[in-house]
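What follows is each chain in one-letter form.
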Amino acid sequence: MKTEQAAAIFRDHGVDLTWQRDVYQHLHATPELSALEENTALYLAQRLRQLDGYEVIENIGGHGLVGVLRNGDGPTVLYRADIDALPVEEQTGVPFASTVSSISREGVPSKVMHACGHDMHMTAGLGAAEVLHGTRDKWSGTVIILFQPAEETASGAQGMIDDGLAGLIPRPDVCFGLHVVPGPAGVVMTAPGPVLAGCDTITIDLTGRSAHGSMPQNSVDPTYLAASIVLRLQGIVGREVSPHEFAVVSVGTLQSGNSNNTIPGTARIVLNIRFYDNDVRTILVNAIERVVRGECYASGAPVEPVITYSDHGEVTDNDPAVFAQMRPAFDEIFGADSVDAARWTASEDFSDIPRGLGSPYLYWTVGVTPREKWDAAVATERVIEDIPSNHMSTFLPDYGPTVHSATSSAVLACLSHLNEA
């Protein structure tokens, strides 16, 4: 569909979306952790079934689900929204703040919050489903609204693929997704090529030899070994990766011992790495393994280290042709609020879905920060200090402009790739 046709359908759709506020507040107040999203998925399925014509398929890869709306011949488009929350205690102070408690995947009791904005993603997905349902006389093709679990553990998208998603839905000609981020509320940010970093979690289990603290000569001290590894890891990006490339190696966990007078027998380091190029990932992985094994050898560790990889996320690499087709529709509707996106160093597993389905894709971001607050922070160069970001306990989108742009951009993306009726 041409840009002007998609824009005209959007402007004239006449679908009442005032219900979105209640839906958003409900979802915000009832978050569920990754792989535990049972009630969230049931609620989403119920909402989709209220729209006559959507075929709803549930329990894909855990609590994943899709709504398929077939509306004659034409392209198939897929829009994805993630549904899980985080083990964060909410401190926003809003009347609908979460008070939910659960058990994290590490087995730790925790408060739960939609601190990453997935409640907004779901609300926009349901809104797009309703607008597309209400404008069926204007377009032809097939729309798939997909709600994905376990994004925060980078496992839900691949889980849906592994559970046979490709055999349950028509193959999409294109896939879409978005994420809300700090930035002027309602601004839509798009770009072709790599826009989100790839990532891996790397867990390193070290085995030394325990001894009494008064007899260190009898030990192989895993705490000292771990500290040596952490120091050496800091040189990898600065000395082995080209200054023209992007790479991050961060130590998120360092565990060793539980007594002041006992040298422990084991230690654990958990790393997070980020990259925009898989060749850079190879450099990081090879260097990390070399450093770990080299320090273990230097310390005389009696057992080889165990290095485990998890939570892998591929680079989100937007298709230039999809971007070129969709961006004019965004510019037409959002005007000055349709801008170029800078690369985001966060990571997502969204692209596992189009990659597993053999489809091109585009992923974009929408700003959530009240504009006056954003402008003041920029003017005083205090964005980092004053603006809540994703995963923070005070993260809360400015509802009105955010839900409008998130829903509108999802609708426009789908319409721009469907046929005119």
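Residues numbered from 1 in each chain as written. Predicted model: local features only at pLDDT ≥ 70, side-chain atom pairs only at ≥ 80, totals over all residues. Heavy atoms only, no water.

Colleague: Where do I start with the packing of aromatic side chains in this structure?
Modeller: Geometrically, a pair of aromatic rings is defined through the distance of the ring centres and the angle of the planes. With the rule as written, the count across this model stands at 8 aromatic pairs. These aromatic residues form a ring-pair network of at least three members: Phe-176, Phe-330, Phe-334 and Trp-364. Here the basic side chain of Arg-47 rests over the ring of Trp-19, its NZ or CZ set 4.7 Å away from the ring centre. Over the ring of Tyr-276 we find Arg-343; its NZ or CZ atom is 4.6 Å from the centre of that ring. (Phe/Tyr/Trp six-rings, centres within 6.5 Å; stacked < 30°, edge-to-face > 60°. Lys NZ or Arg CZ within 6 Å of the ring centre and 35° of its normal.)

Colleague: What exactly am I supposed to notice about the side chain of Ser-338 here?
Modeller: With respect to the helices and strands, Ser-338 occurs in strand β17 (residues 338–340). Looking at Ser-338, its side chain comes within polar contact range of the side chain of Arg-327, at 3.2 Å. Setting aside chain neighbours within four positions, we find Ser-338 in contact with Val-188, Arg-327, Phe-330 and Asp-331. (Helix = DSSP H or I, 4+ residues; strand = E, 2+ residues; numbered from the N terminus. Polar contact = N/O pair within 3.5 Å; in protein donor to acceptor, adjacent residues only side chain to side chain. Contact = heavy atoms within 4.5 Å.)

Colleague: Looking at this structure, how should I read the sheet that holds strand β10 (residues 198–207)?
Modeller: Spatially, the 4 strands line up as an open sheet ordered β12-β14-β10-β15, and their pairing is antiparallel. In the strand order of this sheet, the two ends are held by β12 (247–256) and β15 (306–313), each with one partner. Averaged over all neighbouring strand pairs, the angle between strand axes comes to 15 degrees, with direction disregarded. Where helix α7 (residues 222–240) meets the sheet, its contacts fall on β10, β12 and β14 (266–275), and the angle it forms with β12 comes to roughly 170 degrees. The sheet contacts of helix α8 (residues 278–299) involve β10, β12, β14 and β15, and relative to β14 the element is tilted by about 160 degrees. (Pairing = 2+ DSSP bridges. Axes fitted to C-alpha atoms, helices over the stretch in contact; angles between N-to-C directions.)

Colleague: When you look at the pairing of strand β18 (residues 361–369) in this model, what are you seeing that I'm missing?
Modeller: The two faces of the sheet receive side chains in turn, since in a regular strand these alternate between them. For β18, the buried fraction is high: 9 of the 9 residues fall into the buried class. Burial along β18 is two-sided: the face carrying Tyr-361, Tyr-363, Thr-365, Gly-367 and Thr-369 and the face carrying Leu-362, Trp-364, Val-366 and Val-368 are both buried. Here strand β7 (residues 174–184) pairs with β18 via 8 bridges, running parallel. Residue pairing across strands places Pro-184 opposite Thr-369, the latter belonging to β18. As paired strands, strand β8 (residues 188–190) and β18 are joined by 2 bridges and run antiparallel to one another. Across the sheet, residue Val-188 finds its bridge partner in β18, namely Val-366. (Buried < 20%, exposed > 50% of the residue type's maximum accessible area, 1.4 Å probe, protein only.)

Colleague: How do you make sense of unusual backbone geometry when you look at a structure like this?
Modeller: For residues that are not glycine, phi is negative in most cases, and the peptide bond is trans in most cases. For Asn-59, which is not glycine, the phi dihedral falls at a positive 60 degrees. In this structure, Asn-59 sits in strand β1 (residues 54–60). Taking the relative accessible area as the measure of exposure, Asn-59 reaches 55% and is therefore exposed.

Colleague: What should I look at first to understand the packing of helix α2 (residues 20–29) against helix α13 (residues 399–416) in this one?
Modeller: Packed helix pairs are characterised by how far apart their axes lie and by the angle those axes make with each other. Direction vectors running N to C along α2 and α13 enclose 100 degrees, while the axes themselves pass 12 Å from each other. Relative to α13, the element α2 lies roughly perpendicular. Residues Gln-20, Arg-21 and Tyr-24 of α2 pack against Tyr-399, Val-403 and Thr-407 of α13. (Parallel < 35°, antiparallel > 145°, perpendicular 65-115°, else oblique.)

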